[in-house]
Amino acid sequence: MIHETEIFVSPEDAGSEEVLKSIASQKLSIPVKSISFIRILKRSVDARAKSVRLNIRLRVYVGETPAQLEKTSEMPDVSKATPIIIVGAGPAGLFAAMKVAAMGFKPIILERGKDVRSRRFDLAAIHKQHLVNPESNYCFGEGGAGTYSDGKLYTRSTKRGDVNEVLKIFVNHGASEDILVDAHPHIGTNKLPQIIISIREALLACGAEIHFECRMTDLILKDQSVKGVLAQVSGHSREFLSNQVILATGHSAGDVFEMLHRQHVLIEAKPFAMGVRIEHPQSLIDSIQYHCNLTQVEKLREHLPAASYSLVHQSEGRGVYSFCMCPGGIIAPCATGPEQVVTNGWSPSKRNNPFSNSGVVVSIEADDFKHYADQGPLAGLRYQRALEKIAFLAGGQTQSAPAQRMIDFIEGKLSSTLPETSYQPGILSAPLHELLPSEIGKRLQDGFKAFGTKMKGYLTNEAVLHGVESRTSSPVRIPRNKETLEHIQIKGLYPCAEGAGYAGGIVSAAIDGQNCAEAAVRSARPETIKR
Ligand SMILES: Cc1cc2nc3c(=O)[nH]c(=O)nc-3n(C[C@H](O)[C@H](O)[C@H](O)COP(=O)(O)OP(=O)(O)OC[C@H]3O[C@@H](n4cnc5c(N)ncnc54)[C@H](O)[C@@H]3O)c2cc1C
């Protein structure tokens, strides 16, 4: 017999199977000896009350053993099948490719960046020499922007697809099964590259093609239909042909938006968000969230994860909110081109760095970028890039970031000293209160004050703002038909995931990749049958 039950346990007891079985037996009124196996279905930290507890949903097996985790669908040999082109090997592109192959078509992936291992050298060059390779960086390369990230895997877009299927695919490629049960699953930067390699190997084994250092420069279009793409490979232009192209190029590829505009493929400016990345000592966030003093924190952390937060405030009709919080994390330099300073964050699987960082951003609307109206659909992109250039200049024209202590920022004072930071290229004191446009700066000041009342201790000069957090979502939408997922004018073109404005985060990008793959296969099938 199988039962399901929900229990609360102290952090110390949560790791003991004996204790979990004993509590479950009492809750279900069954002898503990009759329990043959327990499986954790969901686990979350409940820090609302004074003493922190873990809320665990258990499946309890009485005289039975659980089935093994089922394997996700196998991919057949597609080496000679009809090709479908996928541009971009981020989460959207890779999950699209797996779905295309599982449905019997041959994915041809074109990726401007390098394979995941070679990418590491280019990341080191950003940290140490302040050199940004525009083709290989934190955003471009195998695995996409999600690879050297926190690997947080929660999403609100559960209606668009099967989140569990995506998580199972990650587990089948080496992620811990914990991601299937944790309320806020995450993988960690140290583990993601190996998972990406495993996905690549599975794709190559079934006959998919993957071309690295292969940058799409043009779409091949005829009579409002796509016929393939032109790409730069080793200094030469090469054609890749297919009647279906999935465009999964992410939101940092400004050149892709420029190319579409130049080729008269309809794109639209859309609202997005920008702000700063804020860093606190992790012990401070732990002590606030777990209601204890700094000396008690260390003991508690033996059993609890680094604490996180999620904050939101309305200021003058706009949202100010925390975004992509990385407990025990590192702030990353995420520029993709010259004269840009862009921040984001990541954390290792253990989330054991002494800092906690989070983007704190303000919604940006068309009214904010009206000065760039002559740029048409690229107006938001221009506004975003202008702010990244301001950060570059204020940071000393390197990858150092302009920074300011939190209370100094609110009081409009330049910080005379700055504390230690996790941001490896370094920080330079700068008047962010003056440098940020008022529609962002004033609202951030309001937001930080409000956050300080919601989380006592959050508002402190120990916290440092790093400028600028500008790549939260795409400033451009590539419009597509809701049913067919095809571009509204170009047949066979599938604008996909974050870059096209239909996803935000690893899991939702992966799901959108799968949905676009299914749509592309649906439209490719009639031709295959004709042949
Ligand atoms: C440092 C960092 C940390 C993050 N942390 C998290 C997190 O913890 N959890 C989370 O859910 N999200 C996180 N994100 C966001 C997440 O990475 C993105 O939402 C996700 O990667 C979007 O997936 P995508 O496939 O749509 O695009 P991307 O991942 O951006 O992939 C697009 C790919 O297309 C390639 N490309 C671009 N132009 C071309 C071209 N012309 N030709 C060929 N290839 C091209 C790029 O090189 C890239 O590999 C983080 C992002 C960053 C930068």
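What you see is a predicted model; the values in this text were computed from it and never measured.

What counts as what
- Throughout this description, residue numbers start from 1 for each chain and increase along the sequence as written.
- Reporting in this predicted model follows two pLDDT cut-offs: at least 70 for local features of residues, and 80 or more for side-chain atom pairs to be given and counted; totals over whole chains, interfaces and linings ignore these cut-offs and use all residues.
- Just so you know, side-chain values use all the structure's heavy atoms and leave hydrogens and water out.
- Whether a residue is near a molecule or strand depends on its heavy atoms: it is near if one of them lies within 4 Å of it.
- Polar contact criterion, stated in full: a pair of N or O atoms within 3.5 Å, where within protein one must be able to donate a hydrogen and the other to accept it, and residues adjacent in sequence count only if both atoms are side-chain atoms.
- Computed by Shrake-Rupley with a 1.4 Å probe, the accessible areas treat only the displayed protein chains as cover when residues are assessed.
- Helix and strand assignments come from DSSP, with helices taken as H or I runs of at least 4 residues and strands as E runs of at least 2, each series counted from the N terminus.
- Between any two strands, at least two bridges found by DSSP are needed for them to pair.
- Here the axes come from fitting lines to C-alpha atoms, over the contacting stretch only for helices, and the angles between their N-to-C directions go from 0 to 180 degrees.
- Should a side-chain nitrogen of Lys or Arg be within 4 Å of a carboxyl oxygen of Asp or Glu, the pair is scored as a salt bridge.
- Burial classes follow relative accessibility: with a 1.4 Å probe on protein chains only, a residue under 20% of its type's maximum area counts as buried, one over 50% as exposed, and anything between as partly exposed.
- What makes two residues a contact is simply this: any of their non-hydrogen atoms within 4.5 Å.

Caption draft 1: Representation of the site of the ligand. The environment of the ligand is formed by 37 residues, the closest being E111, A145, K152, E498 and I506. Contact between the ligand and R112: a nitrogen atom at 3.1 Å from a side-chain N or O atom of the residue. A distance of 2.8 Å is found between an oxygen atom of the ligand and a backbone nitrogen or oxygen belonging to A145. Protein contact buries 95% of the 1,000 Å² of open area that the ligand shows by itself. For the shell around the ligand, the secondary-structure elements that each account for two or more residues are α2 (91–102), β7 (214–222), β16 (343–346), α13 (497–500) and α14 (506–530).

Caption draft 2: Structural context of the sheet that holds strand β9 (residues 236–241). Taken in spatial order, the 3 strands of this open sheet run β7-β8-β9, and their pairing is antiparallel. What marks the edges here is a single partner per strand, and that holds for β7 and β9. Ignoring which end each strand starts from, the neighbouring axes of this sheet average 30° apart. Pairing between β7 and strand β8 (residues 225–233): 8 bridges, direction antiparallel. Bridge pairing in β8 places R215 opposite Q232.

Caption draft 3: Focus on the pattern of salt bridges. Applying the stated criterion across every chain yields a total of 30 salt bridges. The residue K370 makes a salt bridge to D367 at a minimum N-O spacing of 3.4 Å. When its relative accessible area of 49% is taken as the criterion, K370 is described as partly exposed. Taken together, the shared-partner salt bridges in this structure form one network comprising E4, E6, R57 and R59.

Caption draft 4: Structural view of the environment of K80. Within the element layout of this structure, K80 appears in the loop between β3 (53–62) and β4 (83–87). Along the sequence, K80 and A208 sit 128 residues apart, while their C-alpha atoms lie 9.5 Å from each other.

Caption draft 5: Structural detail: the side chain of E142. Inspection of the secondary structure assignment puts E142 in the loop between α3 (116–129) and α4 (163–172). If we skip the residues at most four places from it in the chain, E142 touches A89, E111, K114, D115, V116, R119, T147, I196, R200 and F212.

Caption draft 6: Examining the pairing of strand β12 (residues 272–281) more closely. Most of β12 is tucked away: 10 of the 10 residues are buried. For β12 and strand β17 (residues 355–364), the ladder comprises 10 bridges, and the chain directions are antiparallel. The residue of β17 that forms the bridge with G275 is V361. As defined by bridge partners, β12 adjoins strand β20 (residues 464–469) across 5 bridges and the pair is classed as antiparallel. Note that in β20 the partner of E279 across the bridge is V464.

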